[in-house]
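Spelled out from the first residue to the last, the chains are:
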Amino acid sequence: MGHISFNNNYARLPKQFYTRQKPIPVRAPGPIRVNRELSLALGIDPDWLASAAGTAVIAGNAVPEGADPIATVYAGHQFGGYNPQLGDGRALLLGEILTADGRRYDLQLKGSGPTPYSRGGDGRSPLGPVLREYILSEAMFRLAVPTTRALAAVTTGERVIREDILPGAVLARVASSHIRIGTFQYFTAQGDHDSLRLLADHVIERHYPDLRETENPILGLLECVVKKQAQLVARWQLLGFIHGVMNTDNVLVSGETIDYGPCAFMDAFNPAQVFSSIDHGGRYAYRNQPGIAQWNLACLANALMPILHSQQEQATALAQQAIDAFPDHFLEANSCGIADKLGLQALSKADVALVEDLWQLMTEYALDFTLTFRRLADLADNTSSDTVAELFEFPQAMQPWLERWRARSTQDTHSAADRQSKMYSANPAFIPRNHLVEKAIVAATEESDFSHFDALVDVLERPHQYHASLQQFATPPRDEEVVRQTFCGT
Ligand code: AMP
Ligand code: MG
């Protein structure tokens with residue numbers, strides 16, 4: 001019995017789904033961090049994972065017993081243009097892990113060397129993007145956003161050449177699967193309907209097994225993915241998260257967030273905010289995310305068309321109907337989420353203006369997204385001691401709105417204390433602020449100092465528990481600290 005209990009299904013699909021490929025060893029692997037809790041949940045001994053033997057596995061210098069490393073193939077629309085062949089160009093699926101409670105997870109190495117899908121790239125990752133993904137994806141998990149996770153990160157002892165020469169690293173990523181909208185698009189574009197059907201069956205078996213007994217499981221699959229994406233993007237909007245690269249190859253059919261390249265959380269609220277250096281037209285701006293998600297789902301619907309119904313006209317009608325359900329799913333998730341953030345039991349039609357006016361004021365005064373809601377939670381009950389008042393106060397112009405909100409709150413039946421504790425759970429004090437992520441990356445890259453990274457990951461494990469001693473992690477950036485642009489870092 002090896003250190004990781006692999007049980008690989010995707011690697012049993014026919015050869016057109018992937019290429020078998022071993023990770024390329026690196027010069028001098030070194031541990032950065034092990035996610036002990038996740039390791040235990042996967043049945044992996046965290047002490048082993050942190051040891052030289054575990055580090056060698058994450059670095060790709062040893063292939064663990066039971067692994068069957070593959071690079072999977074997919075396609076995708078990137079910034080609206082179709083690319084017929086992408087694939088794991090700097091990542092490998094080591095295998096799948098079946099946990100004691102019957103859940104199945106992919107274990108992937110990112111930055112493990114070139115594959116047949118590298119398209120001239122080096123298959124490697126600089127340290128910065130590995131740390132960014134570790135911090136962001138784990139923070140998202142703690143903020144109750146479905147996401148891929150970080151199991152461990154290691155340095156390679158090698159340099160990677162980008163605009164600068166940077167230290168290299170590998171991230172071990174865990175996902176409930178890495179199957180993308182782009183995986184479906186790949187087979188449809190090839191006219192390979194047999195593989196398309198096999199893929200759909202695989203996804204249904206893996207993620208949506210209840211659909212097997214239904215009349216049209218493919219339609220059910222599309223409907224489920226539509227709903228999951230709507231709920232996912234609603235969570236992003238409710239936290240001020242901007243993904244930055246919502247291409248169809250970066251959309252998982254499991255409904256988890258993937259690809260933490262140029263993503264960022266907003267500090268000051270701005271609906272038009274974009275961080276990604278390559279998003280020139282603002283296609284993936286904050287306010288565009290729900291619409292883009294629906295656009296991506298239409299790509300999935302198109303890809304499923306050949307197997308949705310034997311008659312084209314029927315298939316088109318079913319696809320359209322499934323896509324048209326997106327706005328309702330989104331609005332429902334969004335409305336529940338906003339009610340929680342404002343401490344209301346539910347939003348009624350009459351509350352629309354209250355909510356709209358808040359967004360308007362936040363925009364006009366460029367209020368800090370996170371602290372606006374956290375401060376509202378402080379104000380929900382005046383008994384609270386550990387508040388963010390020192391960091392944030394509403395401008396005078398907000399007073400009439402605050403009065404309206406207070407008056408509306410008292411119409412609900414729950415007590416102020418109850419309202420406040422719910423608001424504290426809905427409104428984090430800590431998010432991975434850009435300037436803190438940047439500071440952690442710079443210290444690690446330039447001085448091999450991982451203390452900022454570790455401290456940030458630690459604080460973000462409990463994003464809703466504010467304490468004055470942690471003030472620096474909740475403070476918005478000073479002008480000179482503001483990060484205006486993020487990079488994919490490929
Ligand atoms: P992304 O922008 O991260 O979604 O990546 C888009 C595509 O480019 C994927 O197929 C990646 O595998 C590939 N890719 C990105 N960076 C590299 C790299 N350094 N080496 C090889 N392939 C890469
Ligand atoms: Mg990607």
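Residues numbered from 1 in each chain as written. Chains lettered and ligands numbered in written order. Predicted model: local features only at pLDDT ≥ 70, side-chain atom pairs only at ≥ 80, totals over all residues. Heavy atoms only, no water.

Thoughts on a negative patch on the surface
A cluster of acidic residues, E163, D164, E446 and E447, forms a negative patch at the surface. Judged by relative accessible area, which is 84%, E163 ranks as exposed. (Patch = residues over 30% accessible without salt bridge, like charges linked within 9 Å, V, L, I, M, F, W, Y side chains within 5 Å. Areas by Shrake-Rupley, 256 points an atom, 1.4 Å probe, with all protein chains shown as cover. Salt bridge = Lys/Arg side-chain N within 4 Å of Asp/Glu carboxyl O. Lys, Arg positive; Asp, Glu negative; His and termini not counted. Charge placed at Lys NZ, Arg CZ, Asp CG, Glu CD. Buried < 20%, exposed > 50% of the residue type's maximum accessible area, 1.4 Å probe, protein only.)

What to know about unusual backbone geometry
One non-glycine residue, A144, lies in the positive phi region at around 65 degrees. Judged by relative accessible area, which is 54%, A144 ranks as exposed. The phi dihedral of A366 is positive, around 45 degrees, even though this residue is not glycine. Overall, the relative accessible area of 42% leaves A366 in the partly exposed class.

Re the nonpolar core
If you look at the biggest cluster of nonpolar residues, it comprises 127 residues, and the most contacted ones within it are Y10, I135, F184, L221, L342, L376 and W401. In terms of nonpolar packing, the next biggest core, distinct from the first, is built from 23 residues, V26, L38, W48 and I58 among them. (Core = buried A, V, L, I, M, F, W, Y, C linked by side-chain atoms within 4.5 Å.)

Details of the packing of helix α15 (residues 434–447) against helix α16 (residues 451–459)
Running from N to C, α15 and α16 point in directions that differ by 145 degrees, and their axes come no closer than 7 Å. Each of L436, V437, K439, A440 and A443 in α15 lies in contact with α16, whose residues at this interface are H452, F453 and L456. A class-by-class count of the residues in the contact of α15 with α16 yields six nonpolar, one polar and one charged. (Axes fitted to C-alpha atoms, helices over the stretch in contact; angles between N-to-C directions. Helix = DSSP H or I, 4+ residues; strand = E, 2+ residues; numbered from the N terminus. Contact = heavy atoms within 4.5 Å. Nonpolar A, V, L, I, M, F, W, Y, C, P; charged D, E, K, R; others polar.)

Points about the packing of helix α4 (residues 127–142) against α16
Relative orientation of the contacting elements α4 and α16 amounts to 20 degrees, with a least axis distance of 9 Å. Here α16 runs roughly parallel to α4, going by the angle between their axes. Pair α4 / α16 crosses with left-handed handedness. Seen from α4, the contacting residues are L131, Y134 and I135; seen from α16, they are F453, L456 and V457. Residues belonging to the contact of α4 with α16 are distributed by class as follows: six nonpolar, no polar and no charged. (Parallel < 35°, antiparallel > 145°, perpendicular 65-115°, else oblique. Left-handed = near helix turned anticlockwise from the far one by under 90°.)

Considerations on the site of ligand 1
Close to ligand 1 lie 18 residues; G87, G89, R90, G123 and D259 are nearest. The backbone of G123 places a nitrogen or oxygen atom 2.8 Å from a nitrogen atom of ligand 1. Between ligand 1 and the protein, one listed contact pairs a nitrogen atom with a side-chain N or O atom of R162 at 3.4 Å. Taken together, the residues of the shell around ligand 1 break down into two nonpolar, eight polar and eight charged. In terms of domain composition, the shell around ligand 1 takes at least three residues from each of domain 1 (10–178) and domain 2 (213–334). (Near = heavy atom within 4 Å. Polar contact = N/O pair within 3.5 Å; in protein donor to acceptor, adjacent residues only side chain to side chain. Domains from an automatic or database assignment.)

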